[in-house]
Amino acid sequence: MFLTEQFGFFSLSALSAWGFLMAFFFNIFIYLIDIKRRTTLLLSSFVLMVSYMAGDHFFTWLSSTASTYLHWSLYDLATLFCLGICYLIMKKTTPSFFYLVFGLLVNIFLHTALYLDIQVNNNSTYWFLWDIYSFGVNIVDFTMIVALIVDRDILGLIKLKNGIKALFKGQQQKHLV
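Computed from a prediction, not measured in an experiment: that's the story for all the values here.

(A) Region of the structure containing the overall build of the chain. A tally of regular secondary structure across the chain gives six helices and zero strands. In the chain, the order of α-helices and β-strands from amino to carboxyl end is α-α-α-α-α-α. Counting over 177 residues, the chain shows a buried share of 37%. In the chain, 77% of the contacts between residues at least 6 apart in sequence involve partners at least 24 apart. Accessible surface for the chain amounts to roughly 10,700 Å². Of this, 71% is attributable to carbon and sulfur atoms.

(B) Just unusual backbone geometry, in detail. One non-glycine residue, Lys91, lies in the positive phi region at around 65 degrees. Structurally, Lys91 can be placed in the loop between α3 (69–90) and α4 (95–120). Phi is positive for Asp151, close to 50 degrees, though the residue is something other than glycine. In this structure, Asp151 sits in the loop between α5 (128–150) and α6 (157–176). Exposure remark for Asp151: the relative accessible area of 3% places this residue in the buried category.

(C) Here's a closer look at the state of the cysteines. All told, the structure shown has zero disulfides when counted by the stated rule. Unpaired in terms of disulfides, Cys82 finds its nearest cysteine sulfur in Cys86, a separation of 7.0 Å. Its relative accessible area of 34% is what places Cys82 among the partly exposed residues.

(D) How the structure looks around a nonpolar patch on the surface. On the surface, Phe26, Phe29, Ile33, Ile35, Val146, Ile149, Val150, Ile154 and Leu155 cluster together into a nonpolar patch covering about 770 Å² of accessible area. Secondary structure elements with two or more residues in the nonpolar patch: α1 (2–32) and α5. The greatest single-element share of the nonpolar patch, amounting to three residues, is contributed by α5. You can see Val146 is positioned in helix α5. When its relative accessible area of 39% is taken as the criterion, Val146 is described as partly exposed.

(E) Spotlight on the packing of helix α2 (residues 41–54) against α3. Across the interface, α2 lies against α3 with an axial gap of 10 Å and an inter-helix angle of 165 degrees. Comparing the axis directions of α2 and α3 gives the class roughly antiparallel. For the crossing formed where α2 meets α3, the hand is right-handed. Here Leu43, Ser44, Val47, Leu48, Ser51, Tyr52 and Ala54 of α2 come into contact with α3, specifically with Tyr75, Asp76, Thr79, Cys82, Leu83, Cys86 and Met90. A class-by-class count of the residues in the contact of α2 with α3 yields ten nonpolar, three polar and one charged.

(F) The arrangement of the packing of aromatic side chains in detail. All told, the structure shown has nine aromatic pairs when counted by the stated rule. Ring plane angle 90 degrees and centroid distance 5.3 Å describe the contact between Tyr69 and Tyr133, whose orientation is recorded as edge-to-face. Note that Tyr69 is positioned in helix α3 and Tyr133 in helix α5, a separation of 64 residues in sequence. Neither Tyr69 nor Tyr133 differs from the other in exposure class; each is buried. Aromatic side chains Phe98 and Tyr99 sit 6.2 Å apart centroid to centroid with 90 degrees between the ring planes, which places their arrangement in the edge-to-face category. Aromatic ring contacts, followed pair by pair, group Phe24, Phe25 and Phe46 into a single cluster.

The rules behind these values
Residues numbered from 1 in each chain as written. Predicted model: local features only at pLDDT ≥ 70, side-chain atom pairs only at ≥ 80, totals over all residues. Heavy atoms only, no water. Helix = DSSP H or I, 4+ residues; strand = E, 2+ residues; numbered from the N terminus. Buried < 20%, exposed > 50% of the residue type's maximum accessible area, 1.4 Å probe, protein only. Contact = heavy atoms within 4.5 Å. Areas by Shrake-Rupley, 256 points an atom, 1.4 Å probe, with all protein chains shown as cover. Disulfide = S-S within 2.5 Å. Patch = residues over 30% accessible without salt bridge, like charges linked within 9 Å, V, L, I, M, F, W, Y side chains within 5 Å. Salt bridge = Lys/Arg side-chain N within 4 Å of Asp/Glu carboxyl O. Axes fitted to C-alpha atoms, helices over the stretch in contact; angles between N-to-C directions. Parallel < 35°, antiparallel > 145°, perpendicular 65-115°, else oblique. Left-handed = near helix turned anticlockwise from the far one by under 90°. Nonpolar A, V, L, I, M, F, W, Y, C, P; charged D, E, K, R; others polar. Phe/Tyr/Trp six-rings, centres within 6.5 Å; stacked < 30°, edge-to-face > 60°.

This is the structure we're talking about:
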């Protein structure tokens, strides 16, 4: 995995955990100056910060077993569950919430794919999936951090989702006639 070879596990995971910590601190500030109080922004940044701090490579020395890709899939699944609870409590989301849910789903898929490849299939031969995983997880993590800070539709994913939803809604109405 190219990124791991260049930077190591500790620096990339610590950078992601630090990014979510800084996003949480920034959202505390936003909350305190009364800009976005009745949304999921502060709660979701707290949930992501706790999740990434708990799953960080740096804290593996606290555990008796090494973290695997399956553990990270389960961390992300638990994080999605916590975000769902945040949504049920607040009932109002921000654009960053969609990016968090989408990013966690992509990460769950990538973690599970690598778990199946390495642990279940016992593959130790380097191939393209490992690069996709290495770049994909880190790009998704940093996109989620940026989304928590700027709280905008930075990649146009929400616009794309709404366009697809409108397209299918238009087709459903044609079939009703």
